[in-house]
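Summary of the model geometry
Here is what each chain is made of, one letter per residue.
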Amino acid sequence: MRFGTGIVFACLCLTLGAQWTNQPTPGAPRTPDGKVDMTGAVPRVNGKPDLSGIWQAEAEPRGPGGLYGLGESPNSKYFRDILADFKAGEEPMTPAAREMLRQHGQPGVVGPSLVCLPDGVPHADRLPEPFKIIQTPSQILMLYEVETIFRQIFTDGRKHPVDPSPTWLGYSVGKWEGDTLVVDTMGFNDMSWLDARGHGHSEDMRVEERFHRRDFGHMEVTATITDPKTFTKPVTISFVEQLLPDTDVFEHICYENEKDAAHLPGRK
C-alpha cells in the first residue's frame with residue numbers, strides 16, 4: 001500500500017509534460033494530413049544517427065485512465081520497479097539491498113524526488129515526463145524537464161576521471177558502435193533511487209546504456225546496471241523512448257508550490 005501511494009504522489013508532483021505546443025519539428029517527415037510520420041527514416045548527422053529530439057519513455061498504464069485510474073502519468077513498469085521482470089523472492093539482490101528496500105518502505109520515508117532532489121541514472125530516462133537530447137560532435141546533452149537538470153555524455157574520446165566526486169547523474173562517456181550509442185557511466189553518489197518502489201544502489205554502481213534510434217519516432221534503450229554491493233548479478237532492462245514532436249521541454253521547479261510530501265503516510 002505504501003508503495004502504491006508513494007508512486008501516486010511521485011507522479012502527481014511531476015509536471016504535465018512538454019508545454020511549448022504547436023512548434024513544428026524542423027525536417028520531420030510528415031504524412032499527407034500533416035502529422036509527423038513516426039515510422040519515417042532516421043535523421044543522420046556526420047554519418048551517425050541524430051538522436052536529437054524530445055523523448056519520453058513509452059508507458060504501460062495500469063488500468064484505465066493511467067496510474068491507478070487517476071488519469072495521471074502512465075508509466076513504464078521499470079519506472080515502478082527496476083526488477084519487474086523477476087518473480088517475487090527471486091530478485092538478484094544482496095542482503096544489504098533487501099535491507100535498504102525495507103527501510104525505504106517504512107512509513108514517512110520518501111524518495112529523493114519527493115523532496116525535490118534529482119532523479120538518477122537510469123531512472124531519469126524512465127520518468128513519465130519528457131527530456132530533450134541535443135547532439136553535437138563532441139558531446140550529447142540531456143535536458144530533463146523534471147527538476148530542470150542536465151546530463152553531459154562526452155563523445156570526444158576522454159576517459160572517466162580517476163577519483164571522481166560522487167554525483168547524482170555520474171560521469172558519462174559515450175562511443176558509437178555502428179548506429180548504436182553506447183554510454184558508460186560511473187561516479188555516482190548512493191542517494192538516488194532506481195525506481196519508485198525504492199530500490200537503491202551503492203557508490204560502486206556502473207551503468208551501461210545503449211541508445212538505438214530505430215526510426216524517426218522511436219528509440220530503443222537497453223540499460224545494464226552493475227553493482228556487486230546491491231545486485232548479485234548485472235541487471236538489464238530494455239524499453240522504448242517515444243519522440244514527442246512539435247513541442248519542447250518546459251521549466252519545472254519542484255519546490256515551487258510543493259504540497260504533496262505533507263500528505264504522505266507517516267507525515268502529519
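Look a little higher up for the structure.
Presented here is an overview of the structure given in this document. For clarity, every value in this text was computed on a predicted model and none was experimentally measured. Residue positions within a chain follow its written sequence, with the count starting from 1. At least 70 in pLDDT is required for a residue's local features to be given in this predicted model, at least 80 for side-chain atom pairs to be given and counted, and no such filter applies to totals for whole chains, interfaces and linings, which use all residues. No hydrogens and no water enter the side-chain calculation; it runs on all heavy atoms of the structure.

**Concerning the overall build of the protein chain**
The helix and strand inventory of the protein chain stands at 3 helices and 11 strands. Only DSSP runs of H or I reaching four residues or more are called helices, and only runs of E reaching two or more are called strands; each is numbered from the N terminus. From first element to last, N terminus to C terminus, the protein chain shows the α and β order α-β-β-β-α-α-β-β-β-β-β-β-β-β. The cut-offs for exposure are 20% and 50% of the maximum accessible area for each residue type, with area from a 1.4 Å probe on protein chains only; residues under the lower value are buried, those over the upper are exposed, and the others partly exposed. Within the protein chain, the fraction of its 268 residues that count as buried is 50%. Counting only contacts in the protein chain whose residues sit at least 6 apart along the sequence, the fraction spanning at least 24 positions is 60%. Accessible area of the protein chain: about 13100 Å², with a carbon and sulfur share of 54%. Any two residues having at least one pair of non-hydrogen atoms within 4.5 Å are treated as being in contact. Surface accessibility in these figures is a Shrake-Rupley result with a 1.4 Å probe; residues are shielded only by whichever protein chains are displayed.

**Some words on the nonpolar core**
In these notes, a set of buried Ala, Val, Leu, Ile, Met, Phe, Trp, Tyr and Cys residues joined through side-chain atoms within 4.5 Å is what counts as a nonpolar core. Counting residues in hydrophobic clusters, the biggest one holds 38 residues, and the most contacted among them are Ile 133, Met 142, Phe 211, Met 219, Ile 225 and Phe 231. Looking at this core, the elements with two or more residues in it are helix H3 (95–104), strand S4 (131–135), strand S5 (139–144), strand S6 (149–154), strand S8 (180–186), strand S9 (206–215), strand S10 (218–226) and strand S11 (235–243). Apart from the residues within four sequence positions on either side, Met 142 is in contact with Asp 125, Phe 131, Lys 132, Ile 133, Ile 149, Phe 150, Arg 151, Ile 153 and Phe 211.

**Notes on unusual backbone geometry**
Following Val 121, the chain continues to Pro 122 via a peptide bond in cis, the omega torsion being 0°. Assignment of secondary structure puts Pro 122 in the loop between H3 and S4. Backbone geometry places Cys 116, a non-glycine residue, at a positive phi of 65°. Secondary-structure assignment places Cys 116 in the loop between H3 and S4.

**Concerning the pattern of salt bridges**
Basic side-chain nitrogens of Lys or Arg form a salt bridge, by our definition, when they fall within 4 Å of a carboxyl oxygen of Asp or Glu. Summed over the entire model, instances satisfying the criterion amount to 15 salt bridges. A salt bridge links Glu 99 to Arg 102; its shortest N-O distance comes to 2.9 Å. Linking Glu 99 with Arg 102, this pair stays in helix H3, spanning 3 residues, or about one helical turn. Salt-bridge contacts for Asp 204 lead to Lys 229; the nearest nitrogen and oxygen are separated by 3.1 Å. Within this pair, whereas Asp 204 is found in the loop between S8 and S9, its partner Lys 229 is found in the loop between S10 and S11, the two being separated by 25 residues in sequence. Take Asp 204: its relative accessible area is 44%, and that puts it in the partly exposed class. A residue is classified by how much of its surface remains accessible, and Lys 229, at 52% relative accessible area, is exposed. Here the residues in one salt-bridge network are Asp 125, Arg 151 and Glu 209, joined through shared partners.

**Side note on the state of the cysteines**
By definition, disulfides here are pairs of cysteine sulfur atoms that lie within 2.5 Å. Scanning the model with the defined rule gives 1 disulfide in all. The disulfide bridge from Cys 116 ends at Cys 254, spanning 2.2 Å between sulfur atoms. One quick way to see it: the torsion about the S-S bond of Cys 116 and Cys 254 is about -70°, and its sign makes the bridge left-handed. Pair noted here: Cys 116 is in the loop between H3 and S4 and Cys 254 is in the segment after S11, with a separation of 138 residues, a long-range link. For the pair formed by Cys 116 and Cys 254, the shared burial category is buried.

**Considering the side chain of Ser 76**
Checked against the element boundaries, Ser 76 lands in the loop between strand S3 (53–57) and helix H2 (77–80). Aside from chain neighbours lying at most four places away, what touches Ser 76 is Glu 58, Ala 59 and Glu 60.

**Quick word on the sheet that holds strand S7 (residues 171–177)**
We treat two strands as partners when DSSP finds at least two bridges between them. The strand order S3-S4-S5-S6-S7-S8-S9-S10-S11 describes a closed barrel built from 9 strands, whose pairing is mixed. Geometrically, the sheet is characterised by an average inter-axis angle of 30° between neighbouring strands, direction not taken into account. Examined bridge by bridge, S3 and S4 share 3 bridges and lie antiparallel to one another. Looking at S4, one finds that Ile 54 is bridged to Lys 132. Axis angles are defined between N-to-C directions and span 0 to 180 degrees, where every axis is a line fitted to C-alpha atoms and, for a helix, only to the segment in contact.

**A word on the pairing of S9**
Examined bridge by bridge, S8 and S9 share 5 bridges and lie antiparallel to one another. Within S9, the residue paired with Thr 185 across the bridge is Val 207. Pairing of S9 with S10, which is carried by 9 bridges, proceeds in the antiparallel orientation. What sits directly across from Arg 206, in S10, is Thr 226.

**A closer look at a nonpolar patch on the surface**
A patch consists of residues exposed above 30% relative accessible area that lack any salt bridge, with like charges linked at up to 9 Å and nonpolar side chains (Val, Leu, Ile, Met, Phe, Trp, Tyr) linked at up to 5 Å. Together, Val 115, Leu 117 and Met 191 make up a nonpolar patch on the protein surface, roughly 240 Å² of accessible area in all. Locating Leu 117 in the fold gives a position in the loop between H3 and S4.

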